[in-house]
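Here are the chains, one letter per residue:
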Amino acid sequence: MEFEEFEEFELNLKWFSGYITEPKTNYTEQGLCNTKFAVQLKKNKQDETTFLNCILWNKKAEEFAEKHKKGDMVTVGGIITTNEYKGKTYKTLDVKIYN
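Now for a quick tour of the structure. Because the structure is predicted, anything quoted here is derived from the model rather than measured.

## Here we look at the environment of Phe-37
Thinking step 1. With respect to the helices, strands and loops of the structure, Phe-37 is situated in strand S3 (residues 33–41).
Thinking step 2. Judged by relative accessible area, which is 5%, Phe-37 ranks as buried.
Thinking step 3. Each C-alpha atom of the pair Phe-37 and Glu-22 lies 6.3 Å from the other, and the pair is 15 residues apart in sequence.

Here's what the structure looks like:
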């Protein structure tokens, strides 16, 4: 990774903390485990609630589902990226879980 790429990575990395919805674990037809949940983002009681959807795969997904339940506080980090779809540019947040 070039130095310029590293600086861009650092600038785009965002961290969010909040309470989670109930983790839901599923298995694909190929036997891969995934766990989905959302993190509630809200500055104070007057603010509108936003949910940040998250997904974990494989062993990390199983471990997370065993340890966490609805209402647990977690911190997730993600990189804001730009993607193009049908000629339009969209900003997305690719969530990585660090715990």
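## Focus: the pattern of salt bridges
Thinking step 1. A full pass over the atoms with the stated rule returns one salt bridge.
Thinking step 2. For Lys-69, the salt bridge is made with Asp-72, and the minimal N-O distance between the two is 3.4 Å.
Thinking step 3. Residue classification places Asp-72 among the buried positions, given a relative accessible area of 17%.

## What to know about the nonpolar core
Thinking step 1. Among the nonpolar cores identified, the biggest contains 13 residues, and Phe-37, Val-39, Leu-52, Cys-54, Val-74 and Val-76 are the most heavily contacted of them.
Thinking step 2. The set of elements that each furnish at least two residues to this core consists of S3, strand S4 (50–57), helix H2 (58–67) and strand S5 (73–85).
Thinking step 3. For this core, the element with the most residues is S3, which contributes four residues.
Thinking step 4. Discounting chain neighbours no more than four positions away, the residues touching Val-39 are Ser-17, Gly-18, Tyr-19, Ile-20, Thr-50, Phe-51, Leu-52, Cys-54, Val-74 and Val-76.

## As for the packing of aromatic side chains
The geometry of an aromatic ring pair is captured by two quantities: the separation of the ring centres and the angle between the planes.
Thinking step 1. For the structure shown, the criterion picks out one aromatic pair.
Thinking step 2. Between Phe-37 and Phe-64, the ring centres sit 4.5 Å apart and the planes meet at 15°, which makes this aromatic pair stacked. Taken together, the residues Phe-37 in strand S3 and Phe-64 in helix H2 connect sequence positions 27 residues apart. The exposure classification of Phe-37 matches that of Phe-64, with both residues buried.

Rules used in this analysis
- Residues numbered from 1 in each chain as written.
- Predicted model: local features only at pLDDT ≥ 70, side-chain atom pairs only at ≥ 80, totals over all residues.
- Heavy atoms only, no water.
- Helix = DSSP H or I, 4+ residues; strand = E, 2+ residues; numbered from the N terminus.
- Buried < 20%, exposed > 50% of the residue type's maximum accessible area, 1.4 Å probe, protein only.
- Salt bridge = Lys/Arg side-chain N within 4 Å of Asp/Glu carboxyl O.
- Core = buried A, V, L, I, M, F, W, Y, C linked by side-chain atoms within 4.5 Å.
- Contact = heavy atoms within 4.5 Å.
- Phe/Tyr/Trp six-rings, centres within 6.5 Å; stacked < 30°, edge-to-face > 60°.

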